[in-house]
Amino acid sequence: MNTPMHRRILTASLVFILQLAPHPTQACTNFIVGKKASADGSVICTYNADDYGMFQGLCHFPAARHAKGTMRKVYDWDTNKYHGEIAEAEETYNVVGNINEWQVTIGETTFGGREEMVDTTGILDYGSLIYIALQRAKTAREAIRVMTTLVEQYGYNSEGETFTICDPDEAWIMEMMGCGCDRKLSKERTVWVAMRVPDDMICGHANQSRISRFDMKDKSGNVMFSQNVVKYARTMKWYDGKNADFSFCRTYAFPDFSGRRICDARVWSFFRRFATGMDRYLPWAEGRQQDAEPLPLWVKPDRKLSVADVETAMRDHYEGTPLAIDGDLQQEGDIGGGIWQMPYRPTPLYFTVDGKKYFNERPTSTQQTGFSYVSQMRSWLPREIGGVLWFGNDDGNMVPYTPVYCCATASPRPYNTPGADALHFSMDNAFWVQNWVANMVYPRYALLFPDLQQVRDSLDSSYLSAQQQVEQQALALQPEQRVSFLTAYTARKADEILDRWRQLAFHLIVKYNDMIVKPESNGQFLQTPEGLGAKVGRPGYPEKYARQLVRQTGTRYRVPEE
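## Some points on the environment of Ala140
Point 1. Mapped onto the fold, Ala140 is located in helix H2 (residues 140–154).
Point 2. When the C-alpha positions of Ala140 and Ile106 are compared, they lie 8.5 Å apart, and in sequence the two are 34 residues distant.
Point 3. With near-sequence residues (within four places) excluded, Ala140 lies in contact with Val104, Ile165, Cys166, Asp167, Glu170 and Trp172.

## Topic: unusual backbone geometry
Point 1. With an omega of 10°, the peptide bond running from Thr347 to Pro348 counts as cis.
Point 2. Relative to the helices and strands, Pro348 resides in the loop between helix H7 (307–313) and strand S17 (350–353).
Point 3. Of note, the phi angle at Tyr318 is positive, near 65°, even though the residue is not glycine.
Point 4. The residue Tyr318 is located in the loop between H7 and S17 in this model.

## Side note on the state of the cysteines
Point 1. For the coordinates displayed, the defined rule picks out zero disulfides.
Point 2. Unpaired in terms of disulfides, Cys179 finds its nearest cysteine sulfur in Cys181, a separation of 11 Å.
Point 3. There is no disulfide at Cys263, and the cysteine sulfur nearest it, in Cys28, is 11 Å away.

## Re the side chain of Asp167
Point 1. Here Asp167 shows up in the loop between strand S11 (160–166) and strand S12 (171–178).
Point 2. Side-chain polar atoms of Asp167 contact the backbone nitrogen of Ala140, separated by 2.9 Å.
Point 3. A distance of 2.6 Å separates a polar atom in the side chain of Asp167 from the backbone nitrogen of Glu170.
Point 4. Ignoring sequence-local partners within four residues, the contact set of Asp167 consists of Val43, Gln103, Val104, Thr139, Ala140 and Met377.

## Brief notes about the nonpolar core
Point 1. Within the largest apolar cluster, 148 residues are counted, with the highest numbers of intra-cluster contacts made by Ile106, Phe163, Ile165, Phe214, Phe248 and Tyr252.
Point 2. Top contributing element to this core by residue count: helix H10 (residues 445–475), with ten residues.
Point 3. Judged by nonpolar contacts, the second largest core, of five residues, contains Phe55, Ala420, Phe431 and Trp432.

## Topic: the pairing of strand S18 (residues 356–359)
Point 1. Two strands pair when backbone bridges link them, and S17 and S18 are joined in this way by four bridges, in the antiparallel orientation. If you follow Thr352 over to S18, its bridge partner there is Lys357.

## What about a nonpolar patch on the surface?
Point 1. A surface patch of nonpolar side chains, amounting to about 260 Å² of accessible area, comprises Phe351, Val353 and Tyr358.
Point 2. Judged by its relative accessible area of 39%, Tyr358 falls in the partly exposed class.

## What to know about the packing of aromatic side chains
Point 1. One pass over the full model with this rule turns up 33 aromatic pairs.
Point 2. Residues Tyr93 and Trp102 carry aromatic rings whose centres are separated by 5.9 Å and whose planes lie at 75° to one another, so their mutual orientation is edge-to-face.
Point 3. The class for Tyr93 is buried, based on a relative accessible area of 9%.
Point 4. Between Phe371 and Tyr373 the ring centres are 6.3 Å apart and the planes differ by 15°, which places this aromatic pair in the stacked class. Per residue, the accessibility class of Phe371 equals that of Tyr373, and both read buried.
Point 5. The cationic tip of Arg260 hangs over the ring face of Trp284; the distance from NZ or CZ to the ring centre is 3.8 Å.
Point 6. Between Lys357 and the ring centre of Tyr350, over which it is positioned, the NZ or CZ distance is 4.5 Å.

## Observations regarding the confidence of the model for the chain
When pLDDT is low, close inspection of the predicted coordinates is not appropriate.
Point 1. Scored by pLDDT, the chain has a mean of 93; 94% of the residues are at 70 or more.
Point 2. A low-confidence stretch, residues 2–25 stays under pLDDT 50, and its non-local contacts, those more than four residues away or across chains, total 96 contacts.

## Brief notes about the sheet that holds strand S1 (residues 30–33)
Point 1. On the basis of which strands lie adjacent, the open sheet formed by seven strands has the order S16-S14-S1-S2-S19-S20-S21 and antiparallel pairing. Looking along the sheet, the strands with just one partner apiece sit at the ends: strand S16 (298–299) and strand S21 (402–405).
Point 2. Here strand S19 (residues 369–377) runs beside strand S20 (residues 388–392); their pairing, made up of five bridges, is antiparallel. Counterpart to Val374 in the pairing with S20 is Trp390.

## Overview of the pattern of salt bridges
Point 1. Summed over all chains, the structure comprises 30 salt bridges.
Point 2. In this structure, Glu361 and Arg261 form a salt bridge, with 2.6 Å as the shortest nitrogen-oxygen distance. With Glu361 in the loop between S18 and S19 and Arg261 in helix H5 (residues 257–274), the pair connects residues that are 100 residues apart, well separated along the chain.
Point 3. Using a relative accessible area of 13% as the deciding quantity, one classes Glu361 as buried.
Point 4. Classification of Arg261 by relative accessible area gives buried; the value is 9%.
Point 5. Residues participating in the shared-partner salt-bridge network are Arg141, Glu170, Arg196 and Asp199.

Each value, and the rule that gives it
- Residues numbered from 1 in each chain as written.
- Predicted model: local features only at pLDDT ≥ 70, side-chain atom pairs only at ≥ 80, totals over all residues.
- Heavy atoms only, no water.
- Helix = DSSP H or I, 4+ residues; strand = E, 2+ residues; numbered from the N terminus.
- Contact = heavy atoms within 4.5 Å.
- Disulfide = S-S within 2.5 Å.
- Polar contact = N/O pair within 3.5 Å; in protein donor to acceptor, adjacent residues only side chain to side chain.
- Core = buried A, V, L, I, M, F, W, Y, C linked by side-chain atoms within 4.5 Å.
- Buried < 20%, exposed > 50% of the residue type's maximum accessible area, 1.4 Å probe, protein only.
- Pairing = 2+ DSSP bridges.
- Patch = residues over 30% accessible without salt bridge, like charges linked within 9 Å, V, L, I, M, F, W, Y side chains within 5 Å.
- Areas by Shrake-Rupley, 256 points an atom, 1.4 Å probe, with all protein chains shown as cover.
- Salt bridge = Lys/Arg side-chain N within 4 Å of Asp/Glu carboxyl O.
- Phe/Tyr/Trp six-rings, centres within 6.5 Å; stacked < 30°, edge-to-face > 60°.
- Lys NZ or Arg CZ within 6 Å of the ring centre and 35° of its normal.
- pLDDT = per-residue confidence, 0-100.

Quick look at the structure:
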């Protein structure tokens, strides 16, 4: 995505906090799991909403009815600029986060593409399009129709975008670009293609256009595309081959070094976790070999994936691969992660030394994530129970995923806190408390992260373990009672994570104050018989970093032998 910051839509029922953010690059990651590729038959999809310096909460659009002729004002999701009005639907559905009451989930990543294709005269940006579609669609296919019809009518003013569009039965990936501002060159306003992910496959996208060739004669109904998708490229003299050989990504958003190493590498790492044979695509992920075999759009996993598996994938730093940045594959590691081998790197992604350009690895898990989710959609349950947005209000590696049921009629206060925004910290706000903890952990990662991980994993396990019992209780209720019950449960879990994370923050500052470690047992700090704190530990340099320091400084700090 360009920025995951939700722009303010002026409607009295909208309840989420926003922050305007600058236009970033190479942000956001989506993974997709077909229903026959998941352990329980769920369709699963994910979203890391990444941006630099942004503040984010959990949005909510209540279901509503609107008088015929009502117009809706559209404000850009990124900049909050007013674009114009579109006709409002007579009925709109409940939306919480990126899932609606029908379990339809939509995520995105921005790939940019050819700059001249941006239509600055269009009304709809990609973010507005997502939430408008969620309010109007009962299925993924309907969402695709809504989105493509609206942009053709009102214009699409964002860069190239890949959308994940799922419901309890189907998972789709759709790519869209505008056709510029000159209607003499193209009467149509967008080019797009959507493909259904096979039920037994996993898919992903991460800021690089992923759809290459597609079957333009498909009779199965699993491929949809704009009728001008090739014609526009011919008009612009970007393509002169056969229709059957047309590649969307190579024509409109060529996968260069950045598109492979900074973007597709994240998808490769996801595939590699669950499917054998992915090392053949390492040259593509590394981005240096021009004729490398392209990464497939989807692959069949060796085993079926659980929600927990997918949550783990959202926390990936290329561990166990040649792209790892935590030092595991390098005997001495490198200094990029600091003294305690932080698997994060400062932004921007590129930097220059002595006139030479260098880059930082860009894994799935990144410090600029504003929110992360794993959406679980289940066709065999009543819809108010079947859809769960497992939500984290920070980098997924640094927080547990709390359950948010698709029927929830309110955004929990920790995710929608009055007075909290990008410039105002609040102890009552999940984003800020979780970021506070994360920013304590980042620079001393190897030292502090195990404490955070223990709490995170314990909470994740408790939520997943409780799911069946909670949903059995909900099943015993009438539909309207289920909504109230699951809304309250969603709010209670949000309150609990906020409280537990505040406790964690206090624990970390006491335990690790001034780079020492206070000893503890069973969560209690040890004391002397006299009631003072027990003798502290002084961890010093990790061995890998100490070796790097000695290599760099030679004998400068060497103690002379006596």
